[in-house]
Amino acid sequence: MADLAIDPRTELNPPLVTGGATYSSVTDQISAITEGKPPKQWYVVMGVAIPLAMMLFGCLAYLVANGIGVWGNNSPVGWGWDITNFVWWIGIGHAGTLISAILFLFRQKWRTSINRAAEAMTLFAVACAGIYPLFHTGRPWRAIYWLFPMPNELLTMWQNFRSPLMWDVFAVSTYATVSALFWFVGLVPDLATLRDRATNPVRKTIFGILSLGWRGSASQWRHYELAYLILAGLSTPLVLSVHSIVSFDFATSLMPGWHTTIFPPYFVAGAVFSGFAMVVTLMTLARWVYGLENLITIKHLENMCKVMLATGTIVGFAYGTEFFIAWYSANQYERFIFLNRAFGPYAWAYWTMISCNVIAPQFFWFKKFRTSIPAMFTLSIFINIGMWFERFVIIATSLHRDFLPSSWGYFQPTWVDIGTFVGTMGLFLTLFLLFLRFLPAIAISEVKGVLHHQINTEKGVAH
Amino acid sequence: MSAIFSKQFDTKLRLAAGAIVLTLGAGGAVLGYLLHPKQLDTGYTPVQPVAYSHKLHAGNLGIDCLYCHYTVDKSNYAAVPMTETCMNCHVRVREKSPKLQLVRESYATGQPVPWVKVHRLPDYVYFNHQAHVKVGVSCVSCHGRVDQMAEVRQVQPLSMAWCLECHRNPAANIRPAEYVTKLDWKPEGDPAEIGAKLMKAKGIKPPDNCSACHR
């Protein structure tokens with residue numbers, strides 16, 4: 001009899017919200033995070049994040065005052081940590097867009113508990129990424145007419161529209177705009193919830209303005225859902241296009257090791273891979289600090305581990321393909337660059353990348369690892385490190401061996417390189433913690449949507 | 001629940017947003033205008049350690065530019081003359097003038113007079129002085145009527161747009177090489193036509209790609 005009580009659907013699809021949650025308990029639980037005082041851990045992490053962010057601003061000011069020579073970029077390695085970090089941060093953003101857009105269109109209901117935070121992560125990651133090309137110009141206040149085709153009196157010429165760097169400007173700015181809009185539109189009903197719960201008049205006014213007069217009427221919901229669907233449709237191609245165009249920065253050049261058609265798909269897979277790793281890193285921490293185990297269940301985390309396993313394996317396959325094509329091309333420069341990648345001066349970076357990106361995710365074949373928080377947290381950190389090294393390996397190994405041995409070199413970061421990179425992590429964490437503190441970190445209205453289904457299933461109402 | 005906002009709030013918010021956008025736009029335009037090299041750099045007239053007058057020497061006395069600035073058609077750099085050049089004349093002319101005290105000291109000690117550079121280009125610009133003079137770009141095109149200046153001042157913005165303007169359409173600034181230092185040269189006929197003929201004859205094609213100046 002007890003066996004009959006277990007709905008077979010529950011077995012296959014474990015509930016996405018546990019702990020006997022009701023509509024009002026979900027609202028209370030998520031709103032309370034923004035209403036009460038943050039927990040002790042929040043202050044501890046903030047205490048680390050803010051000084052790091054300050055260090056970032058210090059390093060950038062130092063760079064503007066002294067010129068980009070303060071970075072380790074040299075000849076032949078003209079692109080160093082700056083573009084490595086740029087690609088890394090842009091890649092991290094991709095999980096947010098994938099979760100919010102593609103999983104939405106595929107009706108993957110498990111996205112509801114994680115999409116809000118992942119989208120916020122996207123925005124903050126893109127903000128961190130944008131810093132690098134902006135400051136690589138050395139004069140960021142002029143970048144507006146250097147990067148964007150803006151008529152002006154100073155340059156009297158247009159950008160090179162055939163350059164993938166130009167396409168990158170459009171790809172990333174479109175990405176940032178659409179992601180911000182998508183995030184904000186998704187927030188509106190929840191902001192209205194916070195407005196209605198607010199007792200402090202200032203808070204009420206701020207959330208009142210931000211919620212754009214949301215009343216939750218049927219017609220408003222109808223418009224809202226249509227707008228959300230359209231934005232999801234707009235974001236979907238961006239998941240693929242942004243990192244494809246980032247990869248063109250390399251692929252359209254004639255550098256051995258860069259000039260390959262595999263780059264766009266391989267970069268997109270890597271971006272999703274690193275993005276999910278960052279979501280897992282942050283969400284395991286956030287759910288522990290705020291006690292959100294009933295909303296971000298093991299089921300959610302396990303699904304993300306599966307995505308990491310799939311994309312990590314694609315990335316590993318791409319590494320293998322690169323080597324095969326280098327051999328198959330019979331081009332001595334191509335062959336040299338790949339042998340040099342694995343056994344040359346940057347072999348340490350290459351094997352770090354292989355261990356973190358190819359070997360680490362393979363643990364996710366086992367359910368034990370997919371459902372263990374410490375295991376997935378550790379592995380996600382490894383993947384974050386590995387994906388950073390992937391970009392570094394691609395950039396540094398191809399550049400440091402030029403065609404003439406007289407122009408061979410080696411890249412070594414300076415303290416400004418390190419300070420800027422660690423600083424952007426500080427900025428990212430600061431923004432993310434502020435988001436956790438002041439905005440609903442989980443989409444209240446969307447979670448209620450899956451709760452509705454669940455409550456009815458539990459009651460035995462047929463669908 | 002009582003309303004948080006008045007009925008006019010939307011209108012006010014929109015007006016405020018419009019005002020902010022307009023203010024920022026106008027502020028940006030004003031700042032852009034003020035920071036333009038035309039405003040920022042032209043008219044730069046540093047005080048020189050010795051009150052040397054180009055108006056007197058080059059204008060009234062008619063000394064050719066090349067007498068003192070003798071590297072301008074031979075070198076990438078337009079050198080400031082050394083003290084010995086001054087003293088060629090000033091050992092005999094006004095040899096006791098208190099105004100020349102610093103020049104005499106410099107002559108005696110061998111320490112150069114600390115002249116202040118007027119026409120400064122950024123260090124990421126590779127400017128070749130002789131290339132310009134040799135094809136017949138006159139001093140006056142970039143430096144103005146120095147022969148009428150008591151104190152030298154910058155008359156052109158020396159901005160990239162200004163460089164490109166001439167590189168794209170140089171004819172009006174090209175003249176026969178022998179008149180390069182004749183700042184008051186007035187050709188018979190249209191200078192642009194003369195320049196165009198010279199360009200054709202000499203095969204002058206000023207580059208307008210990035211690496212011409214930024215290497």
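Residues numbered from 1 in each chain as written. Chains lettered and ligands numbered in written order. Predicted model: local features only at pLDDT ≥ 70, side-chain atom pairs only at ≥ 80, totals over all residues.

Another aspect to go through is the packing of helix H11 (residues 263-290) of chain A against helix H12 (residues 298-328) of chain A. Residue and element names in this part refer to chain A. Two numbers describe how H11 lies on H12: the axes approach to 8 Å, and their chain directions differ by 150°. Classed by the angle they form, the pair H11 and H12 counts as roughly antiparallel. As for the relative orientation of H11 and H12, their crossing is left-handed in sense. Every residue of H12 that contacts H11 at Tyr266, Ala269, Gly270, Val272, Phe273, Phe276, Ala277, Val279, Val280 and Thr284 is listed here: Leu301, Met304, Val307, Met308, Thr311, Gly312, Ile314, Val315 and Ala318. Grouping the constituent residues of the contact of H11 with H12 by class yields 15 nonpolar, 4 polar and no charged. (Axes fitted to C-alpha atoms, helices over the stretch in contact; angles between N-to-C directions. Helix = DSSP H or I, 4+ residues; strand = E, 2+ residues; numbered from the N terminus. Parallel < 35°, antiparallel > 145°, perpendicular 65-115°, else oblique. Left-handed = near helix turned anticlockwise from the far one by under 90°. Contact = placed C-beta atoms within 7 Å. Nonpolar A, V, L, I, M, F, W, Y, C, P; charged D, E, K, R; others polar.)

An ideal rise of 1.5 Å per residue puts 16 Å on 12 residues; helix H10 (residues 191-202) of chain B measures up with 16 Å between its terminal C-alpha atoms. Among the residues trailing H10 of chain B, glycine 203 of chain B stands out with phi positive, at a value near 65°. (Expected span 1.5 Å × (residues − 1).)

This brings us to the nonpolar core. Membership of the largest hydrophobic core comes to 116 residues, with the highest contact counts inside it found for Met121, Phe276, Val279 and Met308 of chain A. For this core, the element with the highest residue contribution is H11 of chain A, accounting for 17 residues. Excluding its chain neighbours within four sequence positions, the residues that come into contact with valine 279 of chain A are Ala95, Ile114, Ala118, Met121 and Met304 of chain A. Counting 10 residues, the second largest nonpolar core, distinct from the first, contains Val133, Val137, Cys139 and Val180 of chain B. (Core = buried A, V, L, I, M, F, W, Y, C linked by C-beta atoms within 7 Å. Buried ≥ 20, exposed ≤ 12 C-beta atoms within 10 Å, placed from the backbone.)

Mean pLDDT over chain A stands at 88; residues scoring 70 or higher make up 94%. The lowest-confidence element of chain A is helix H1 (residues 2-5) of chain A, averaging 49 in pLDDT; the highest-confidence one is helix H17 (residues 415-438) of chain A, averaging 94. (pLDDT = per-residue confidence, 0-100.)

Attention now goes to the domain arrangement of chain B. Once the domains are mapped, chain B shows domain 1 (9-40), domain 2 (54-80 + 119-213) and domain 3 (81-114). Taken over C-alpha atoms, the centre of domain 2 of chain B sits 28 Å from the centre of domain 3 of chain B. (Domains from an automatic or database assignment.)

With that settled, the discussion passes to the packing of helix H8 (residues 164-197) of chain A against helix H9 (residues 201-210) of chain A. All names here are of chain A. The geometry of H8 relative to H9 is characterised by a closest axis approach of 8 Å and an angle of 160° between their N-to-C directions. By the criterion of interaxial angle, the relationship of H8 to H9 is roughly antiparallel. Where H8 crosses over H9, the two elements pack in a sense that is left-handed. For the pair formed by H8 and H9, the contact residues are Leu191, Leu194 and Arg195 on the first element and Lys204, Phe207, Gly208 and Leu210 on the second. Looking at the contact of H8 with H9, its residues break down into 4 nonpolar, 1 polar and 2 charged.

Once that is clear, we can look at the interface of chain A and chain B. Listed as interface residues are 8 residues of chain A and, on the opposing side, 7 residues of chain B. Tallied by class, residues from the side of chain A that touches chain B come to 3 nonpolar, 3 polar and 2 charged.

Per-residue confidence for chain B gives a mean pLDDT of 90; residues scoring 70 or more make up 99%. In the predicted assembly, ipTM is 0.71 and pTM is 0.86.

Our next topic: the environment of serine 445 of chain A. Residue and element names in this part refer to chain A. If you trace the backbone, serine 445 turns up in helix H18 (residues 444-459). Taking the C-alpha atoms as reference, serine 445 lies 6.6 Å from aspartate 190; in sequence the two are 255 residues apart. Those residues within four positions of serine 445 in sequence are excluded, and the remaining contacts are Pro189 and Asp190.

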